[in-house]
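Descriptive analysis of the structure
Each chain, written out:
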Amino acid sequence: YALNGESILSFPPNQEKEQICDCFEKIREQNPLAGILLVLDNFSSDCKYMRKRAHQLGIDLVFLPVGSPHLNPIEPVWKSVKWE
């Protein structure tokens, strides 16, 4: 989701590496001049193919560690929603 409130896309439910790289390309197309930092939660960080493509597109990836709600403010909200 974009900081300016205008999200351009969301990651596909079927998170195959080719589809994720397509998302990276769409993000870059919509933001041709800006630096891009994607913060990913509960995401496989071991895919060299995706990391390489993101780097080629000038996209920096940050992977949040599992079980780190202090790094992701939405986690307490999800916990409350699941409780209900």
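**Considerations on the nonpolar core**
If you look at the biggest cluster of nonpolar residues, it comprises 13 residues, and the most contacted ones within it are Ile 20, Phe 24, Ile 36, Leu 38, Phe 43, Met 50 and Ile 59. Among the secondary structure elements, those contributing two or more residues to this core are helix H1 (17–30), strand S1 (36–41) and helix H2 (48–56). It is H1 that provides the largest number of residues to this core, a total of four residues. Look past the residues within four positions of Leu 38 in its chain and what remains in contact with it is Phe 11, Phe 24, Ile 27, Ile 59, Asp 60, Leu 61 and Val 62.

**Some remarks on the confidence of the model for the protein chain**
Of the residues in the protein chain, 82% reach a pLDDT of 70 or more, and the chain-wide mean stands at 80. Looking at the elements of the protein chain, mean pLDDT is at its lowest for helix H3 (residues 75–83), recorded as 74, and at its highest for H2, recorded as 92.

**Some words on the packing of aromatic side chains**
With the rule as written, the count across this model stands at zero aromatic pairs. Sitting over the face of the ring of Tyr 49, Lys 17 holds its NZ or CZ atom 5.0 Å from the ring centroid.

**Thoughts on the side chain of Arg 28**
One can find Arg 28 in helix H1. Although Arg 28 lies buried, it forms no salt bridge, and the closest oppositely charged side chain, Asp 60, sits 7.9 Å away as judged by the N-O distance. Looking at Arg 28, its side chain comes within polar contact range of the main-chain oxygen of Ala 34, at 2.9 Å. One polar contact links the side chain of Arg 28 to the main-chain carbonyl oxygen of Gly 58, over a distance of 3.1 Å. Setting aside anything within four residues of it in sequence, one finds Arg 28 in contact with Leu 33, Ala 34, Ile 36, Leu 57, Gly 58 and Ile 59.

Rules and cut-offs
- Residues numbered from 1 in each chain as written.
- Predicted model: local features only at pLDDT ≥ 70, side-chain atom pairs only at ≥ 80, totals over all residues.
- Heavy atoms only, no water.
- Core = buried A, V, L, I, M, F, W, Y, C linked by side-chain atoms within 4.5 Å.
- Buried < 20%, exposed > 50% of the residue type's maximum accessible area, 1.4 Å probe, protein only.
- Helix = DSSP H or I, 4+ residues; strand = E, 2+ residues; numbered from the N terminus.
- Contact = heavy atoms within 4.5 Å.
- pLDDT = per-residue confidence, 0-100.
- Phe/Tyr/Trp six-rings, centres within 6.5 Å; stacked < 30°, edge-to-face > 60°.
- Lys NZ or Arg CZ within 6 Å of the ring centre and 35° of its normal.
- Lys, Arg positive; Asp, Glu negative; His and termini not counted.
- Salt bridge = Lys/Arg side-chain N within 4 Å of Asp/Glu carboxyl O.
- Polar contact = N/O pair within 3.5 Å; in protein donor to acceptor, adjacent residues only side chain to side chain.

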